[in-house]
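# Overview (structure and organization)
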Amino acid sequence: MLSVIISGIGPDEAAWESVQECLRALEVQDCDEPFEVLVCAHDRARSCVPGDLTETFPQVRVLMDSNESEATRKNLAVEAARGKIVAFLDADCRPERSWLRTLADVFHYYPETAVVSGEAPDSGLLGWLQRAAGRKREAGPVQFTATNNAAFRREAYLEYPLPVDAGSQAESMQTAGLRRARYVLWFEPALQVERVEPISIPEQAYPVHQTQPAFELASRWLRRIGPLHR
């Protein structure tokens, strides 16, 4: 079984409309592998959950938590997952019809792989890391991964969960742990998602004095590890 974890949900009805678009895209996947969906959100969003959500999408479980950390909610969802493979989607991303089949095939044909990820569907820190490192588009091992448009072997994720207090550095710290353990991280360009609505992050939401240290750290990290493809 595969487990798909949907996160990044705001406490408003529009956010849950995006969740339902994502769920509709998962319903028409061309994958024979059985799967479940875990939708994780903050307790503040409880009143916005559509009353018929689990009736319309019977494979869905909704997990609510009062913790402010998105990393904590993802970690709890992985603990609750029943699948040996856990895949991650942001709530405003819609996977292509071949998405589940693609990631299942990678884990089948490359059994040493612990994580498979696709192109970052936004211009956030991961997108910047990919451009800065000159990521190539062909499939192959990489040295950085993320928790959107990506899937992990559950046992590897549980061994190296997202650090809950690391902010924008959480994914790079998780990646560092996986690499130290010599887990194989795989990039698969066929793993495609489309953002339902392009995001625009207001400057005041992430002031320069807060984001600059993260980008400086990422720059030093990239210089240390070298190109993402060997």
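Everything here concerns the structure above.
Every value quoted in this text rests on a predicted model; they were computed, and no experiment measured them.

### As for the pairing of strand E8 (residues 150-153)
Of the two faces of E8, the one lined by Ala-150 and Phe-152 and the one lined by Ala-151 and Arg-153 are each fully buried. Sheet analysis places strand E4 (residues 85-90) next to E8, joined by four bridges and oriented antiparallel. Its bridge partner lying in E8, Val-86 is registered against Phe-152. Alignment of strand E6 (residues 113-117) against E8, held across three bridges, turns out to be antiparallel. When the bridges of E8 are listed, Ser-117 appears paired with Ala-150.

### Quick notes on the packing of aromatic side chains
What characterises a pair of aromatic rings is the spacing of the ring centres plus the angle enclosed by the ring planes. This structure, assessed with the given rule, holds five aromatic pairs. Where Phe-88 meets Phe-152, the ring centres are 5.7 Å apart and the plane angle is 80 degrees; that geometry is what we call edge-to-face. With Phe-88 in strand E4 and Phe-152 in strand E8, this residue pair connects regions lying 64 residues apart in the sequence. Under the relative-accessibility criterion, Phe-88 is labelled buried at 0%. Taken together, the ring pairs in this structure connect Phe-88, Phe-152 and Tyr-157 into an aromatic cluster.

### Some remarks on the nonpolar core
In terms of nonpolar packing, the biggest core is built from 36 residues, with Val-4, Leu-26, Trp-99 and Leu-103 touching the most fellow members. For Leu-103, the residues in contact, after removing those within four places along its chain, are Leu-2, Ile-85, Ala-87, Val-116, Ala-151 and Leu-191. Phe-88, Val-115, Val-142 and Ala-166 belong to the second largest nonpolar core, which has 22 residues in total.

What counts, and at which threshold
Residues numbered from 1 in each chain as written. Predicted model: local features only at pLDDT ≥ 70, side-chain atom pairs only at ≥ 80, totals over all residues. Heavy atoms only, no water. Buried < 20%, exposed > 50% of the residue type's maximum accessible area, 1.4 Å probe, protein only. Helix = DSSP H or I, 4+ residues; strand = E, 2+ residues; numbered from the N terminus. Pairing = 2+ DSSP bridges. Phe/Tyr/Trp six-rings, centres within 6.5 Å; stacked < 30°, edge-to-face > 60°. Core = buried A, V, L, I, M, F, W, Y, C linked by side-chain atoms within 4.5 Å. Contact = heavy atoms within 4.5 Å.

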